[in-house]
Amino acid sequence: MLEVSFELFPPKTEGGIEKLKEVCTALNTFQPSYYSVTFGAAGSTQERTTETILQLQQNSLSTAPHISCIGMKKSTLRSLLALYQSHHIRRLVVLRGDQPDNIPILPSDFHYAHELVKFIRDETGQHFYIEVAAYPEFHPQTQHPLADIENLKRKIDAGANGAITQYFFNIDAYEQFMEMCATAHIRAPITPGIMPIFNFEKLIRFSALCGAEIPLWLRKRLNIYQDDQDSMVKMGIEIVTRLCEKLIQSNVPGLHFYTLNQVHPTDEIVKRTIEFHSKAC
Ligand code: FAD
């Protein structure tokens, strides 16, 4: 069976959580391994992550809170880990995070994700399955591609069990990256992060920030439907499903979908990909 998981972000309003539960009910059809919830991404509040996680756990959903270094003190992290352990949460996504532009620099006891991973392992032993981030097109701030691979190795050596990638649209990026990981003796599972195409302008803007490439062919094809959202989403489904099918043929450990808290178009891509997987395997 194909392992799928879904990323959500914490809703800003109380009403938003009810809507999010409906999104999860719809996505549950695909029996995801877990739902991860981002932490302070793009300047959102960190507390809402915990609230969202606890609400989803109450609905018997398997969850994975993200945790980042931004503003994180050891004492706060200890309490957060204890809270998650008491709610039987067994999985975390551990990141450095990015300092949001709109708030002053927060003092933190951690600078890089590997320090956070080590602290969590030291404090909680093997309780959590820990995922970290990986970058097939390399992290935008890295000094050198090999330094980025070394950094991933440092995170695995510090105790991470696996990694989820930044999204990409060019399968060569993932395959080349996996070859570099094998050369560096990184054997942990690396799950591709999949970004469905929702909106052309937002995708271009966000990709520039996070260092994900939109290949020229894709940019030009999306441009055809700049003023026709429905056709763009339909074409995006075809393109992203094709990417998922190729990844399955590369024997990926699973697929992690950036849902942006929407059922569609993720549902259609997952449905088609599961059908492909059951025929192929
Ligand atoms: P790290 O692994 O710590 O690396 C960051 C950079 O520092 C890299 O360039 C690395 O090569 C370099 N580096 C590492 N160690 C050293 C060292 N000792 N000396 C010098 N350089 C070093 N952000 C959020 O804020 N909240 C989220 O919930 C969130 N979820 C994400 C989920 C996924 C799957 C992914 C891929 C990203 C997510 N992000 C999130 C974004 C992420 O926080 C940013 O990409 C961030 O800039 C890097 O985080 P990291 O964990 O990869 O950092």
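Just so it is clear, the structure is predicted and the values come from calculations on it, not from any experiment.

Undergrad: What should I look at first to understand the overall build of the protein in this one?
TA: The secondary structure content of the protein amounts to 10 helices and 8 strands. Relative to the 2.2 N^0.38 estimate, which gives 19 Å for 281 residues, the radius of gyration of the protein is 18 Å and therefore close to what a compact globule would have. For the protein, long-range pairs separated by at least 24 residues make up 79% of all intrachain contacts whose partners lie at least 6 apart in sequence. About 14,000 Å² of surface is accessible on the protein, with carbon and sulfur atoms providing 51% of the total. Between the mean site of the 27 positive side-chain charges and the mean site of the 31 negative ones, the protein shows a separation of 2 Å.

Undergrad: Before we go on, may I ask you to explain the packing of helix α9 (residues 229–249) against helix α10 (residues 266–280) in this structure?
TA: Helix-helix packing is characterised by the crossing angle of the two axes and by the distance between the axes. One can describe the packing of α9 onto α10 by two numbers: an axis separation of 9 Å at closest approach and a directional angle of 35°. As α9 runs across α10, the sense of the crossing is right-handed. Of the residues in α10, those touching α9 at I237, E238, V240, T241, C244, E245, I248 and Q249 are E268, I269, R272, T273, F276 and H277. Class assignment for the residues of the contact of α9 with α10 results in 6 nonpolar, 4 polar and 4 charged.

Undergrad: Explain the pattern of salt bridges to me, please; I cannot follow it from the model alone.
TA: In the structure shown here, the tally under the stated rule is 12 salt bridges. Linking E51 and R48 is a salt bridge whose minimum nitrogen-to-oxygen distance equals 3.3 Å. Residue E51 and its partner R48 are located together in helix α2 (residues 47–58), separated by 3 residues, close to a single helical turn. Accessibility expressed as a relative area gives 40% for E51, which makes it partly exposed. On the basis of relative accessible area, R48 is assigned to the partly exposed category, the value being 23%. R78 serves as the salt-bridge partner of E123, at 3.0 Å between the closest nitrogen and oxygen. Separated by 45 residues along the polypeptide, E123 in helix α4 (residues 113–124) and R78 in helix α3 (residues 74–86) bring together distant segments of the chain.

Undergrad: Help me understand the sheet that holds strand β1 (residues 4–8), please; the structure alone is not making it clear to me.
TA: Strands pair in a sheet through their backbones, by hydrogen bonds, and they do so in one of two ways: parallel or antiparallel. Spatial ordering of the closed barrel is given by β1-β2-β3-β4-β5-β6-β7-β8, a layout of 8 strands whose pairing is parallel. Taken over all neighbouring pairs, the strand axes of this sheet differ in orientation by 30° on average, direction set aside. In this sheet, strand β3 (residues 63–68) lies alongside strand β2 (residues 35–37) in parallel orientation, the contact comprising 3 bridges. For Y35, the partnering residue across the bridge sits in β3 and is T63.

Undergrad: Mind showing me how you'd approach the packing of aromatic side chains here?
TA: Where two aromatic rings form a pair, the distance of their centres and the angle of their planes describe that pair. In total, this model carries 8 aromatic pairs according to the counting rule given. The interplanar angle of 40° and the centroid separation of 5.9 Å between the aromatic rings of F6 and Y35 together place this pair among those described as tilted. Taken as a pair, F6 in strand β1 and Y35 in strand β2 lie far apart in primary sequence, 29 residues in all. Both rings, one in F110 and one in F119, keep their centres 5.3 Å apart while their planes meet at 70°; by these two values the pair is edge-to-face. Accessibility assignment for this pair places F110 and F119 in one class, buried. By way of ring pairs, the aromatic residues Y167, F169, F206 and Y258 are connected into one cluster. Cation over ring: R91 sits above Y129, and NZ or CZ is 4.4 Å from the ring centre.

Undergrad: I tried to follow the site of the ligand on my own but got confused; where do I start?
TA: Within the structure, the ligand sits among 23 residues, and D98, Y135, H139, N151 and K155 are positioned closest to it. Within the backbone of R96, a nitrogen or oxygen atom sits 2.8 Å from an oxygen atom of the ligand. Protein contact buries 85% of the 980 Å² of open area that the ligand shows by itself. Listing elements by their share of the shell around the ligand, those giving two or more residues are α5 (145–157) and β6 (162–167). The biggest single contributor to the shell around the ligand is α5, with 4 residues. Split into classes, the residues belonging to the shell around the ligand amount to 9 nonpolar, 8 polar and 6 charged.

Undergrad: Can you help me understand the pairing of strand β7 (residues 190–194) in this one?
TA: Regular strands place their side chains on alternate faces of the sheet. Buried residues dominate β7, accounting for 5 of its 5 residues. A two-sided burial pattern is seen for β7, the buried positions comprising I190, P192 and I194 on one face and T191 and G193 on the other. Pairing of β6 with β7, which is carried by 3 bridges, proceeds in the parallel orientation. If you follow I164 over to β7, its bridge partner there is T191. Handedness of the crossover joining β6 and β7 through helix α6 (residues 171–183): right-handed. Here β7 runs beside strand β8 (residues 255–258); their pairing, made up of 2 bridges, is parallel.

Each value, and the rule that gives it
- Residues numbered from 1 in each chain as written.
- Predicted model: local features only at pLDDT ≥ 70, side-chain atom pairs only at ≥ 80, totals over all residues.
- Heavy atoms only, no water.
- Helix = DSSP H or I, 4+ residues; strand = E, 2+ residues; numbered from the N terminus.
- Rg over C-alpha atoms; globule rule 2.2 N^0.38 Å.
- Contact = heavy atoms within 4.5 Å.
- Areas by Shrake-Rupley, 256 points an atom, 1.4 Å probe, with all protein chains shown as cover.
- Lys, Arg positive; Asp, Glu negative; His and termini not counted.
- Charge placed at Lys NZ, Arg CZ, Asp CG, Glu CD.
- Axes fitted to C-alpha atoms, helices over the stretch in contact; angles between N-to-C directions.
- Left-handed = near helix turned anticlockwise from the far one by under 90°.
- Nonpolar A, V, L, I, M, F, W, Y, C, P; charged D, E, K, R; others polar.
- Salt bridge = Lys/Arg side-chain N within 4 Å of Asp/Glu carboxyl O.
- Buried < 20%, exposed > 50% of the residue type's maximum accessible area, 1.4 Å probe, protein only.
- Pairing = 2+ DSSP bridges.
- Phe/Tyr/Trp six-rings, centres within 6.5 Å; stacked < 30°, edge-to-face > 60°.
- Lys NZ or Arg CZ within 6 Å of the ring centre and 35° of its normal.
- Near = heavy atom within 4 Å.
- Polar contact = N/O pair within 3.5 Å; in protein donor to acceptor, adjacent residues only side chain to side chain.
- Right-handed = clockwise from strand over helix to strand, strands pointing away.

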